[in-house]
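# Structural features, examined
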Amino acid sequence: MATVTVLSEREEARRGLALAIEELGHRVAQAHAVREAVDLLAELKPQLLIVACDPGSRLAEHVLGEVDRVQPLLPVVVALERRSAARAVDLLRAGAYEVVAPPWTAENLSPTLAKALRFKGVAFEASAPMEPKKAAVSKLALVVAAVLVAAGAWRALKPAPAPPP
């Protein structure tokens, strides 16, 4: 059971998304303004933020910027109130984790929520040092290559013998 924050300026959209998400077994915290959503992010530390907005609205871009500042690795799913492929591509380029279109039912949201809740961010790890045997072989190959290059250069620089008279 995860905590999901739902942000929408419209009550119907917020209520519909909250019901579908609760049907999937998650807790929902609702916000009607960006400031309220940012406060919920700092207070509850949800695992996912869903923003419901009209395709003509710039609410999603504003929220993406604020989320990057407050909780950078939080996946943000944008739920468009009307289908718009061009707007969906713009939102994905702006940093949205995923864009979903209506109808917002539990069956339609389930794969998106499952994928977003598995997201753990980018992992960085140090590479393991080379094994001593591999390191010795690579050093030997480097020395042999250097000797061959030096021998070739010495032959090229060696003066040719003078022809017999």
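Report on the accompanying structure. Given the structure is predicted, the values throughout are model-derived calculations rather than measurements. Within every chain, residues take consecutive numbers counted from 1 along the sequence as written. With pLDDT at 70 or above as the cut-off, local features in this predicted model cover only qualifying residues; side-chain atom pairs require 80 or more to be listed or tallied, and sums for whole chains, interfaces and linings still use all residues. For the side-chain quantities, the full set of heavy atoms in the structure was used; hydrogens and water were omitted.

This next bit is on the pairing of strand S4 (residues 76-80). Residue exposure (1.4 Å probe, protein chains only): buried if accessible area is under 20% of the type maximum, exposed if over 50%, otherwise partly exposed. Each helix corresponds to a stretch of at least 4 residues labelled H or I by DSSP, and each strand to a stretch of at least 2 residues labelled E; elements are numbered beginning at the N terminus. Counted residue by residue, S4 has five buried out of five residues, so it is predominantly covered. Residues of S4 alternate between two faces, with Val76, Val78 and Leu80 on one and Val77 and Ala79 on the opposite face, all of them buried. Two strands pair if DSSP finds at least two bridges between them. Relative to S4, strand S3 (residues 48-53) is paired through five bridges, and the arrangement is parallel. Its bridge partner being in S4, Leu49 is matched across the sheet by Val76. Handedness of a crossover: with both strands directed away from the viewer, a clockwise path from the first strand across the helix to the second marks it as right-handed. Crossover S3 to S4 through helix H3 (residues 59-70) is right-handed. Sheet topology places S4 next to strand S5 (residues 98-100); three bridges connect them, and they run parallel. Residue pairing in the sheet places Val78 in a bridge with Val99 of S5.

Further remarks concern the pattern of salt bridges. Here a salt bridge means any side-chain nitrogen of Lys or Arg lying within 4 Å of a carboxyl oxygen belonging to Asp or Glu. In total, this model carries nine salt bridges according to the counting rule given. In this structure, Glu12 and Arg10 form a salt bridge, with 3.5 Å as the shortest nitrogen-oxygen distance. Owing to a relative accessible area of 39%, Arg10 belongs among the partly exposed residues under this scheme. Measuring nitrogen to oxygen at the nearest pair gives 2.6 Å for the salt bridge that ties Glu61 to Arg87. Within this pair, whereas Glu61 is found in helix H3, its partner Arg87 is found in helix H4 (residues 85-94), the two being separated by 26 residues in sequence. With a relative accessible area of 24%, Glu61 lands in the partly exposed category. Among the residues examined, Arg87 registers a relative accessible area of 6% and is labelled buried. A cluster of three or more residues bridged by salt bridges with shared partners is formed by Arg10, Glu12 and Glu81.

By the secondary structure assignment, Thr5 is in strand S1 (residues 3-8). Accessibility expressed as a relative area gives 0% for Thr5, which makes it buried. In contact with Thr5, other than residues within four places in its own chain, are Ala29, Leu40, Pro46, Leu48, Leu49 and Ile50. Whether two residues are in contact is decided by their heavy atoms, any of which lying within 4.5 Å being enough.

Once that is clear, we can look at the layout of surface pockets. Think of a 1 Å grid over the protein atoms and nothing else: a 1.4 Å probe that fits but is trapped marks a cavity, an open set flanked by protein within 12 Å on at least five of seven lines marks a pocket, and residues with an atom within 4 Å of a point count as lining. Grid points are joined across faces, edges and corners, and a volume is the space filled by probe spheres set on the points. By volume, the largest pocket is sized at about 170 Å³. The element that contributes the greatest number of residues to the lining of the largest pocket is H3, accounting for three residues. Grouping the constituent residues of the lining of the largest pocket by class yields 11 nonpolar, one polar and one charged. Each residue gets one of three labels, nonpolar for Ala, Val, Leu, Ile, Met, Phe, Trp, Tyr, Cys and Pro, charged for Asp, Glu, Lys and Arg, and polar for the others, Gly among them.

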